[in-house]
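Report on the structure
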Amino acid sequence: MSQQLTWITKSFAELSTRELYQLLQLRQEVFVVEQTCPYLDADGLDDQATHLYALDAEGEMVAYARLFAANESVPYTRIGRVISAGNVRRQGLGRELMRRAIEWCRQQHPQAPIRLGAQVYLRAFYQSFEFREIGDDYLEDGIPHVDMERAP
């Protein structure tokens, strides 16, 4: 990635109105519009998540992931809503985003595995980060997915 990026990690309560708008807009642009998949992105879980994102030099959000810590009822950390803006793809930004997301999970709960629900076409990308399939392919909102886990 040649451009200068600012990486930020915030709880839901720490997000400004502009940041919340930007992350929802980016998620809708890619997951709903680009992938032609009408689904309820505002699923009621954002307030329980930590939000990791990158801003470009103009202050535009160009990468994002939603992170969940392990807890008493869920013994693993989770990475979700992994996304990069269309205009910055194929520049290594997704790899940097995943590296930072995994690092956050390791800092929060070093002994917990990390899980994610991967779109099947990105299986090899996640495998390159040592994620392994833990179930069969399934359809989520009409898009093939597979659950994957990375050992602690």
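Small disclaimer: the values here were computed from a predicted structure and weren't measured.

Turning our eyes to something else, we now look at the nonpolar core. Of all hydrophobic cores here, the largest spans 41 residues; its most connected members are W7, I79, M98 and F131. Tallying contributions element by element places helix α2 (residues 93–108) first for this core, with 7 residues. Those residues in contact with W7, other than ones at most four positions away along the chain, are L52, Y53, A54, A63, L93, E96, L97 and R100.

Attention shifts here to the packing of aromatic side chains. Here the structure, examined in full by the defined rule, presents 3 aromatic pairs. On the numbers, 5.1 Å between centres and 75 degrees between planes, the contact of F125 with Y126 is edge-to-face. The ring of F68 has R78 lying over it, and the distance from NZ or CZ to the ring centre is 4.2 Å. Over the face of the ring belonging to Y76 we find R115, whose NZ or CZ atom lies 4.1 Å from the ring centre.

Moving on: the environment of R115. Take R115: it is sitting in strand β5 (residues 114–119). Residue R115 is classed as partly exposed on the basis of its relative accessible area of 29%. Separated by 12 residues in the primary sequence, R115 and Q127 have C-alpha atoms spaced 12 Å apart. Look past the residues within four positions of R115 in its chain and what remains in contact with it is Y76, T77, R78, I79, I134, M148 and E149. At 2.6 Å, the side chain of R115 and the side chain of E149 are in polar contact.

Let us look at unusual backbone geometry. A positive phi angle, close to 70 degrees, is found at R90, a residue other than glycine. As for its position among the elements, R90 is in the loop between β4 (77–84) and α2. Residue R90 is classed as exposed on the basis of its relative accessible area of 87%. Non-glycine residue D141 carries a positive phi angle of around 55 degrees. Locating D141 in the fold gives a position in the loop between β7 (138–140) and β8 (143–150). You can call D141 partly exposed: its relative accessible area is 45%.

What counts and what doesn't
Residues numbered from 1 in each chain as written. Predicted model: local features only at pLDDT ≥ 70, side-chain atom pairs only at ≥ 80, totals over all residues. Heavy atoms only, no water. Core = buried A, V, L, I, M, F, W, Y, C linked by side-chain atoms within 4.5 Å. Buried < 20%, exposed > 50% of the residue type's maximum accessible area, 1.4 Å probe, protein only. Helix = DSSP H or I, 4+ residues; strand = E, 2+ residues; numbered from the N terminus. Contact = heavy atoms within 4.5 Å. Phe/Tyr/Trp six-rings, centres within 6.5 Å; stacked < 30°, edge-to-face > 60°. Lys NZ or Arg CZ within 6 Å of the ring centre and 35° of its normal. Polar contact = N/O pair within 3.5 Å; in protein donor to acceptor, adjacent residues only side chain to side chain.

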